[in-house]
Amino acid sequence: LLVVSKPSSLPIHPCGSYRFNSLIALLRAQGTVAPGAELHTTHRLDRLTSGLVIFAKTKAAARQVGAWFQGSEIRKTYLARVRGSFDHLIELATRCASGAQSGEAGSGESPCQEAELPACATLARAGRI
């Protein structure tokens, strides 16, 4: 396995306008990985996200790491850095969650309307945060 700290704005694979400026291409150019060596990604990490990326040198190892992710033996945790005050969004999210749990959502109307959110925010309902 090869674990690499990927900076944000760098894709893992060469794609589109990032033919040579990708994590895999840079690892090869720096000599960290031999030019012909296989390198298998074991999970996704979007271009704009920084964090640890686990590469496997064989398909079997990639499958094993993938199974660990699927079985929650390895988990990804996202940390968001924000600037400013967003207390009103926390209050809105709390109201939305309590409204959905109290049965208001069963009436056909959502306790939270997208119009209540600022233009840069999107309401996303997830099982856990």
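Reading guide: rules and limits
- Residues numbered from 1 in each chain as written.
- Predicted model: local features only at pLDDT ≥ 70, side-chain atom pairs only at ≥ 80, totals over all residues.
- Heavy atoms only, no water.
- Helix = DSSP H or I, 4+ residues; strand = E, 2+ residues; numbered from the N terminus.
- Buried < 20%, exposed > 50% of the residue type's maximum accessible area, 1.4 Å probe, protein only.
- Salt bridge = Lys/Arg side-chain N within 4 Å of Asp/Glu carboxyl O.
- Core = buried A, V, L, I, M, F, W, Y, C linked by side-chain atoms within 4.5 Å.
- Contact = heavy atoms within 4.5 Å.

Some details on the environment of G66
- If you trace the backbone, G66 turns up in helix α2 (residues 59-70).
- On the accessibility criterion, G66 (24% relative accessible area) is partly exposed.
- Residues G66 and T41, 25 residues apart in the sequence, show an inter-C-alpha distance of 9.2 Å.

Let's talk about the pattern of salt bridges
- Under the definition given, this model contains one salt bridge.
- The partner of R44 in a salt bridge is D46, and the shortest N-O contact between them spans 2.4 Å.
- Judged by its relative accessible area of 58%, R44 falls in the exposed class.

Points about the nonpolar core
- Core analysis: the biggest nonpolar cluster contains 12 residues, these being L2, V4, L10, I12, L23, I24, L27, V33, L39, L45, V53 and F55.
- Counting only elements with at least two residues in this core, the list comes to β1 (2-6), α1 (23-29) and β3 (51-56).
- Discounting residues that sit within four places of it in the chain, L23 has contacts with V4, K6, L10, P11, I12, V53 and F55.

Some words on unusual backbone geometry
- In this model, S9 sits at a positive phi of 75°, which is unusual for a non-glycine residue.
- With respect to the element layout, S9 can be found in the loop between β1 and α1.
- The phi dihedral of S72 falls on the positive side, at around 60°, and the residue is not glycine.
- Checked against the element boundaries, S72 lands in the loop between α2 and α3 (87-101).
- Owing to a relative accessible area of 46%, S72 belongs among the partly exposed residues under this scheme.

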